[in-house]
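Below, each chain spelled out in residue letters.
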Amino acid sequence: MNSTNRYHPYFTYRTEDMAYVMMLKTPSSSYIKSKTFEGETALHLSAKCGSVCCAQLLLEAGADPNDVTNEETTPLFLAVEGGHKDVVKLLLKNKANMNGSHSCSGWNPLHQASLMERTDIMQLLLENGVNKECEDDFGITPLFIAAQYGKSESLNMLLLYGANVNCQAKDKATPLFIAAQEGHDQCAELLLSKGADPNLFCNDDSWQLPIHAAAQMGQSKILRLLLPVTDRICDKGEGKVSPVYSAVYGGQKECLEILLMGGYSPEAQNCLLFESTTPMCMVFQRRNFGMASLLLRFGFRLTSRYLLNCLEYNILGLFRYFLNQRCPLPSGNEIDELKLHAYKMHYDTKEFLPYLLLAGFNPLNLMDSVWICSVNNDILNLTLEFTNWKRLPPDVEQILSTHAESSTWIPKKHFESIPSLMHLCRLEIRFCFKSEQLRSDSLIHQLPLPSCLQDFLLYFEVLDMYGINHRDNCEEGELGNNIQLSE
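The shown structure was predicted, so the numbers you read here are calculated from the model rather than taken from an experiment. Starting afresh in each chain, residues are numbered from 1 along the sequence in its written order. Predicted model: local features are reported for residues with pLDDT of at least 70 only, side-chain atom pairs are reported and counted for 80 or more only, and whole-chain, interface and lining totals are derived from all residues. The basis for the side-chain values is all heavy atoms of the structure; hydrogens and waters are excluded.

## Some remarks on the nonpolar core
Part 1: By convention a nonpolar core is built from buried Ala, Val, Leu, Ile, Met, Phe, Trp, Tyr and Cys residues, the set being connected through side-chain atoms within 4.5 Å. Relative accessibility under 20% of the residue-type maximum defines a buried residue, over 50% an exposed one, and the middle range a partly exposed one, all with a 1.4 Å probe and only protein chains included. Met280, Phe322, Phe352 and Trp371 are the most contacted members of the largest nonpolar core, which totals 143 residues.
Part 2: Numbering of helices and strands runs from the N terminus, with a helix taken as a DSSP run of H or I at least four residues long and a strand as a DSSP run of E at least two residues long. Ranked by residues supplied to this core, first place goes to helix H20 (residues 316–324) with six residues.
Part 3: What makes two residues a contact is simply this: any of their non-hydrogen atoms within 4.5 Å. The contact partners of Phe352, leaving out residues within four places of it in the chain, are Leu311, Leu316, Phe319, Leu338, Ala342 and Met345.
Part 4: Of all hydrophobic cores here, the second largest spans six residues; its members include Phe433, Leu457, Leu458 and Phe460.

Structure below.
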């Protein structure tokens, strides 16, 4: 019968059938070396099921303790995998090789014992001289395995036997890095207490540290452990990446707040790796818009660029929130981009333009022929409410006249008359304020004027006419809801 045939006569017997096993002592027997279809010998099967008696008899009969299956697995590895300490002890006594690869992945029995957190078997292997720094095909040691899977008892034993706390896999990851990434608090704390280096870069580009892994994966407890011991060169160092980026990238608001409270800059450095010039840029890239308010609270300085980003991503709640946070208004070449976004948004223009005009944006910046012809009638009429419609530049008057003749636009009736003195005074008073001062109702409500005049300066009657909400829009507490509605 072919030796690789899975249907050997001895498979009809139980492993514990001593009468059968005794026949294996006959030197002429060929059964000892015969294998199943998977390449397992009788010794492999005995080790797998934990039969010490069978394993003992097979070894006495000449079975090879270092024979391997088709998947390059040894009896010793199977005994460890099954948690059979007595079989492990027997195989070691019979000169089973502890070191080298014991499986197709390159794992050693110590890797497997570490994963299973069988510290009794680990101790047995270590006392018999197993290589505690053995590596699998990825350069991963048993200590790394313990950190990766949160096996703190295995980790502690390996550290007691002097395993390298700062070993690195082939991709440069360290045990501390993997523990931070996976959120194994106890392992991370143990590694740090035994000298793990939190400033050992964990990738080939020399920017990623355990603090980045903790921030990105939301491991807040480990992040607090790493914060005081991590070198701040990663905060703003050239070519490095601030962990603030990692927190934003992972959408981890709690971790972002921990970093900012710990002194990390909300503006960080230009991050070429993620193609982001600031963490706020990454807020837009990753669409983690709820983190914008946190960056602002810790001192991030807005530019008009971010208003345009809000329009680009159609996040109009955030647009209004940024206006309330005194974000500079678009100017110069940015106005053309603003108009381009307005063209694309069509009816959504009503969701952002009134607030832009209320913030002091000059409506004449918009009023060219393309914009006038592209917006709907309400938006065009609303825009004129923020002007002296009888003193428009001649080219604008001509465009409006042509538009009225060639389209369905019907100007409001009062545009035919000279603006009231109250309206002209409103324009003049608002002109005297800086744009930043017009962002909130509070300043105008502090003026020594009757409330009806305060409301008039805030265009309440115009906003009501066009069905626009005139509450103080998008305060921080409402930011999440506004963004959700806008998206």
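Next comes the rest of the write-up.
## A short note on the pattern of salt bridges
Part 1: The salt bridge criterion pairs a side-chain nitrogen of Lys or Arg with a carboxyl oxygen of Asp or Glu, the two atoms within 4 Å. In total, this model carries 13 salt bridges according to the counting rule given.
Part 2: When the shortest N-O distance is used, the salt bridge between Arg297 and Glu257 registers 3.3 Å. Of the two residues, Arg297 is situated in helix H18 (residues 292–297) and Glu257 in helix H16 (residues 253–261); the sequence distance between them amounts to 40 residues.
Part 3: Given a relative accessible area of 47%, Arg297 falls into the partly exposed group.
Part 4: Residue Glu257 is classed as partly exposed on the basis of its relative accessible area, which comes to 27%.
Part 5: For Lys339, the salt bridge is made with Asp368, and the minimal N-O distance between the two is 2.6 Å. Separated by 29 residues along the polypeptide, Lys339 in helix H21 (residues 334–345) and Asp368 in the loop between helix H22 (353–358) and helix H23 (369–374) bring together distant segments of the chain.
Part 6: Take Lys339: its relative accessible area is 8%, and that puts it in the buried class.
Part 7: Several salt bridges share partner residues, and in doing so they unite Asp336, Lys339 and Asp368 into one network.

## Description of unusual backbone geometry
Part 1: For Glu117, which is not a glycine, the phi torsion comes out positive at approximately 55 degrees.
Part 2: When you line up the elements, Glu117 lands in the loop between helix H6 (109–116) and helix H7 (119–127).
Part 3: For Asn314, which is not glycine, the phi dihedral falls at a positive 60 degrees.
Part 4: On the basis of relative accessible area, Asn314 is assigned to the partly exposed category, the value being 27%.

## So, the packing of aromatic side chains
Part 1: Note on aromatic contacts: the rings of Phe and Tyr and the six-membered ring of Trp form a pair at centre separations within 6.5 Å, being stacked when their planes are under 30 degrees apart, edge-to-face when over 60 apart, and tilted otherwise. Per the counting criterion, the structure on display carries 12 aromatic pairs.
Part 2: Summarising the aromatic geometry, the rings of Phe284 and Phe289 are spaced 5.6 Å apart at their centres and angled 70 degrees between planes, so their arrangement reads as edge-to-face.
Part 3: Clustering of aromatic rings is evident, with ring pairs tying together Phe284, Phe289, Phe300, Tyr306, Tyr313, Tyr321 and Phe322.
Part 4: We count a charge as sitting over a ring when the NZ of a lysine or the CZ of an arginine lies within 6 Å of the ring centre and within 35 degrees of the ring normal. Just above the ring of Tyr459 sits the side chain of Arg426; from NZ or CZ to the centre is 3.8 Å.

## Considering the packing of helix H5 (residues 85–93) against H7
Part 1: Note on definitions: angles span 0 to 180 degrees between N-to-C directions of axes, and those axes are lines fitted to C-alpha atoms, for helices only across the stretch in contact. In contact at an axis separation of 10 Å, H5 and H7 are set at 10 degrees when each is read in the N-to-C sense. What the angle tells us is that H5 and H7 run roughly parallel. Residue-level contacts link Lys85, Val88, Lys89 and Leu92 of H5 to Asp120, Ile121, Leu124 and Leu125 of H7. Any angle that is under 35 degrees is reported as roughly parallel, and any over 145 degrees as roughly antiparallel; angles of 65 to 115 degrees are reported as roughly perpendicular and all others as oblique.

## Re the confidence of the model for the chain
Part 1: Averaged over every residue, the pLDDT of the chain is 88; the share at 70 or more is 90%.
Part 2: Residue-level confidence of the predictor, termed pLDDT, takes values from 0 up to 100. The model gives residues 1–16 a pLDDT under 50, and that stretch makes 30 contacts with residues more than four places away or in other chains.

## Considerations on helix H15 (residues 243–250)
Part 1: Among the eight residues in H15, six count as buried, and that is most of the element.
Part 2: Buried within H15 are the following residues: Pro243, Val244, Tyr245, Ser246, Ala247 and Val248.
Part 3: Buried positions along H15 lie against helix H12 (210–217), helix H14 (233–236), H16, helix H17 (279–286) and H18.
Part 4: One or two positions beyond H15, positive phi appears at Gly251, with a value near 70 degrees.

## Looking at a nonpolar patch on the surface
Part 1: Here the term patch refers to residues with relative accessible area over 30% and no salt bridge, with like charges joined within 9 Å and nonpolar side chains (Val, Leu, Ile, Met, Phe, Trp, Tyr) within 5 Å. All accessible-area figures derive from a Shrake-Rupley calculation using a 1.4 Å probe, and residue coverage is judged against the displayed protein chains alone. A cluster of nonpolar residues, Met422, Leu449 and Leu453, forms a patch on the protein surface that exposes about 230 Å² of accessible area.
Part 2: Turning to its location among the elements, Leu453 is positioned in helix H28 (residues 451–457).

## Let's talk about the packing of H6 against H7
Part 1: Where H6 meets H7, the axes come as close as 8 Å, and the angle between the chain directions of the two elements is 155 degrees. In terms of orientation, H6 lies roughly antiparallel with respect to H7. In terms of crossing hand, the pair formed by H6 and H7 is left-handed. Contacts from Pro109, Leu110, Ala113 and Ser114 in H6 reach Ile121, Met122, Leu125 and Leu126 in H7.
Part 2: When residues are sorted by character, Ala, Val, Leu, Ile, Met, Phe, Trp, Tyr, Cys and Pro go into the nonpolar class, Asp, Glu, Lys and Arg into the charged class, and all the rest, Gly among them, into the polar class. When the residues that make up the contact of H6 with H7 are grouped by side-chain class, the tally is seven nonpolar, one polar and no charged. By definition, turning the near helix anticlockwise from the far helix through less than a right angle yields a left-handed crossing, and turning it clockwise yields a right-handed one.

## Some points on the side chain of Thr230
Part 1: Structurally, Thr230 is set in the loop between helix H13 (220–226) and H14.
Part 2: We call two N or O atoms a polar contact when they sit within 3.5 Å, provided that within protein one can donate a hydrogen and the other can accept it, with sequence-adjacent residues counted only if both atoms are side-chain atoms. Engagement of the side chain of Thr230 in a polar contact is seen with the backbone oxygen of Leu226, the distance being 2.7 Å.
Part 3: Excluding its chain neighbours within four sequence positions, the residues that come into contact with Thr230 are Pro198, Asn199, Leu209, Ile211 and Tyr264.

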